Every structure is written in C-alpha cells, then in structure tokens.
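Coordinate analysis (summary)
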There are 2 protein chains.
Amino acid sequence: MSAELNFVGRIQTPYLTKQACPGQARAENGTSQIIVDEEYASALDNLKVGDHVQVLYWFDQADRHVLKTVPRWSKTNEERGIFSTRSPNRPNPIALSTVEIFAIDGNIMTVTAMDCIDGTPLLDIKPYLNQLKA
Amino acid sequence: MSAELNFVGRIQTPYLTKQACPGQARAENGTSQIIVDEEYASALDNLKVGDHVQVLYWFDQADRHVLKTVPRWSKTNEERGIFSTRSPNRPNPIALSTVEIFAIDGNIMTVTAMDCIDGTPLLDIKPYLNQLKA
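Quick summary incoming for the structure in this document.

Cut-off values and rules
- Residues numbered from 1 in each chain as written.
- Chains lettered and ligands numbered in written order.
- Predicted model: local features only at pLDDT ≥ 70, side-chain atom pairs only at ≥ 80, totals over all residues.
- Heavy atoms only, no water.
- Helix = DSSP H or I, 4+ residues; strand = E, 2+ residues; numbered from the N terminus.
- Buried < 20%, exposed > 50% of the residue type's maximum accessible area, 1.4 Å probe, protein only.
- Pairing = 2+ DSSP bridges.
- Axes fitted to C-alpha atoms, helices over the stretch in contact; angles between N-to-C directions.
- Contact = heavy atoms within 4.5 Å.
- Buried area = accessible area lost by both parts, 1.4 Å probe.
- Salt bridge = Lys/Arg side-chain N within 4 Å of Asp/Glu carboxyl O.
- Polar contact = N/O pair within 3.5 Å; in protein donor to acceptor, adjacent residues only side chain to side chain.

On to unusual backbone geometry. All names here are of chain A. In this structure, Asn46 takes a positive phi of about 80 degrees despite not being glycine. Mapped onto the elements of the fold, Asn46 is located in the loop between β3 (31-36) and β4 (52-58). For Asn46, a relative accessible area of 27% gives the class partly exposed. Notably, Asn77 is not glycine yet its phi reads approximately 60 degrees, a positive angle. Here Asn77 lies in the loop between β5 (68-69) and β6 (80-81). Under the relative-accessibility criterion, Asn77 is labelled exposed at 61%.

Here the focus is the sheet that holds strand β7 (residues 94-105) of chain B. Residue and element names in this part refer to chain B. Spatial ordering of the closed barrel is given by β2-β3-β8-β7-β4-β9, a layout of six strands whose pairing is antiparallel. Direction aside, the axes of adjacent strands within the sheet are offset by 45 degrees on average. As judged from the three bridges shared by strand β2 (residues 9-12) and strand β9 (residues 120-127), these two strands associate in the antiparallel manner. Along β9, the bridge assignment pairs Ile11 with Thr120.

The next point concerns the interface of chain B and chain A. With 52 residues of chain B at the contact, the number on the chain A side is 53 residues. At the boundary of chain B with chain A, total buried surface from both sides reaches about 5,000 Å², with 56% on carbon and sulfur atoms. At the boundary of chain B and chain A, one finds four salt bridges. Across the pair A:Asp45 and B:Lys68 runs a salt bridge, and its minimum N-O distance is 2.5 Å. Connecting chain B to chain A are 36 residue pairs in polar contact (both at pLDDT 80 or more).

Residues and elements named next belong to chain A. The strand order around the closed barrel built from six strands is β2-β3-β8-β7-β4-β9, with neighbouring strands paired in antiparallel fashion. Between one strand axis and the next, the sheet turns through 45 degrees on average, direction left out of account. In the sheet, β4 pairs with strand β9 (residues 120-127) via five bridges, with the strands oriented antiparallel. Looking across to β9, one finds that Val55 is bridged to Ile125.

Attention now goes to the pattern of salt bridges. Summed over the entire model, instances satisfying the criterion amount to eight salt bridges over all chains. As a salt-bridge pair, B:Arg90 and A:Asp124 come within 2.8 Å of each other at their nearest N and O atoms. Residue B:Arg90 is located in the loop between β6 (80-81) and β7, and its partner A:Asp124 is located in strand β9; the two belong to separate chains. No difference in accessibility class separates B:Arg90 from A:Asp124, as the two residues are buried. Residue B:Asp124 is joined to B:Lys126 by a salt bridge in which the shortest nitrogen-to-oxygen separation is 2.9 Å. This pair shows no difference in class: B:Asp124 is buried, exactly as B:Lys126 is. Residues joined in a network through salt bridges with shared partners are A:Arg90, B:Asp124 and B:Lys126.

Moving on, we get to the side chain of A:Thr13. Residue and element names in this part refer to chain A. Relative to the helices and strands, Thr13 resides in the loop between β2 (9-12) and β3. Taking the relative accessible area as the measure of exposure, Thr13 reaches 9% and is therefore buried. A polar contact of 3.2 Å, which involves the side chain of Thr13, links it to the backbone nitrogen of Tyr15. Beyond its immediate chain neighbours, meaning those up to four positions away, Thr13 contacts Ser32, Cys116, Ile117 and Asp118.

Below, the discussion takes up the environment of B:Glu39. The topology assignment puts B:Glu39 in the loop between β3 (31-36) and β4 (52-58). C-alpha of B:Glu39 to C-alpha of B:Gln24: the two residues are 15 residues apart in sequence and 29 Å apart in space.

No statement about biological role is implied by the geometric values presented.
What follows is the structure, encoded as structure tokens:
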C-alpha cells in the first residue's frame, strides 16, 4: 500500500553533498531559503516573520531499505532501530525540522539554517505546536 | 516531480469518520495503538516506555487541492493559507503528532490518543527533539 507525494518547492542551502550536511537544523549555521513553487505560493498566506514552523522535506538520496543503524553521534557503535533515530536512511525518508521564519518575500522564506543538500524537495509547512506543553 | 510513500503500519483509534476525529493528539482522550507491519518491527528497537516520539502518518481522506481554508477553530471565518494551518487538507497530507509511549509489545505501541480515523496509514516514527530549546 502506498501513496504519492508531490513536491511543492525546494530548500536552498550551502551543502552540496550528504557528507557536508550538519546533523540537524541549527541557528548557529545561519539561514536557509525555502522556495515554494509559484502555484503553491498562496498557501504561505498568514505566515509571518517570527513564527516557528515545522518543515517537512524529502531526503531523496536516502537508503530506504535500512531498518537498523549506528547513529553518527553514537559512542558505542551499537546498532539501533531506525525509528529510534533521526537518520535520513529510513523506509519513508521524510525529514522534519522546526525553524524560525526570518523573512518572507513572495514565494521565498528565509528561515533557520537547515540540514539538507541544496535543492532538497519541499513537502509541507505547518505552524509549530508544542504538544508537550499542553 | 514526485516520490512514493510505502505504508509501514497503521494507527488504531476509536474514530470511524473524519467528523468524529478530535483536532489534535491529546492526552485527555486516552490512548491509541500504533501497529507496525511485521516486516518493519525491528525498526522499533531501542524505543522505550516514557519516550516521546514524533509520529508521521497519512490523512488518506484529505482533499489535496486546497491552498486556503477557514480553520475549524477560527472565530473570524477568515481564509488562511494552508501552510499557516494544520488542516488535514493540504497538497501532501502528512500528519504529525508528538506522543508519549506508554507500552511496547512486539510490533504494537500504545501511545497518547491520536487524532485520526481508525486504520490510518503509518509513515514514520522519530524520537522527539526539542529544537527550540537548543
């Protein structure tokens, strides 16, 4: 059973290879641009500078057959179940970062520096909701 | 440009229609079960009771052509860009909830009550990371 994703834009970063990508989105790495395809630009309406959003994107270079892995940060070399890690290699390589919006210019948003290769496909943007605080 | 998702399990809830579903995953609604397909069960290794995880799932009854909507919680009836809402109706209807794990029994996890129809397809599970705290 399956479903089809339609890419709605792309993410602009300085990283050209998987090896160059940092482990997570991090404010100290500067900023990235989210470029939404023109046909989806109106879906950005009502987002504003200072908002935090959850960005979903697609690790198109991931290995989707991996179920166990040794994380990059591991000190023990222990293999872990992939659902207990945030490795890009997983059955559905949907990436997820929470970022702050620094600027919005038409279909381009400047946000906290992301962790993916330049040109990575965009899937979705959602307003951040802290479900643990509720 | 597109990509294919492979469903890796399903979510068991008491909700049989879209109308019956609550707006978000909420602890006060009890618990739900995440049933991971047997072939992916080893990907759950190293998750444990008390962990918080981000669950990604697929709103297979969503309208994917909507770019603007009036949210259910709106008091003004103002239409908003879909990326500024968490509406299930969106170009890629990937749902995202942060839940707590209450029990793990083989390929079945009991978690905070989720907000989707019984049988909703599971896409991914990731350990929760508070990127706003860093």
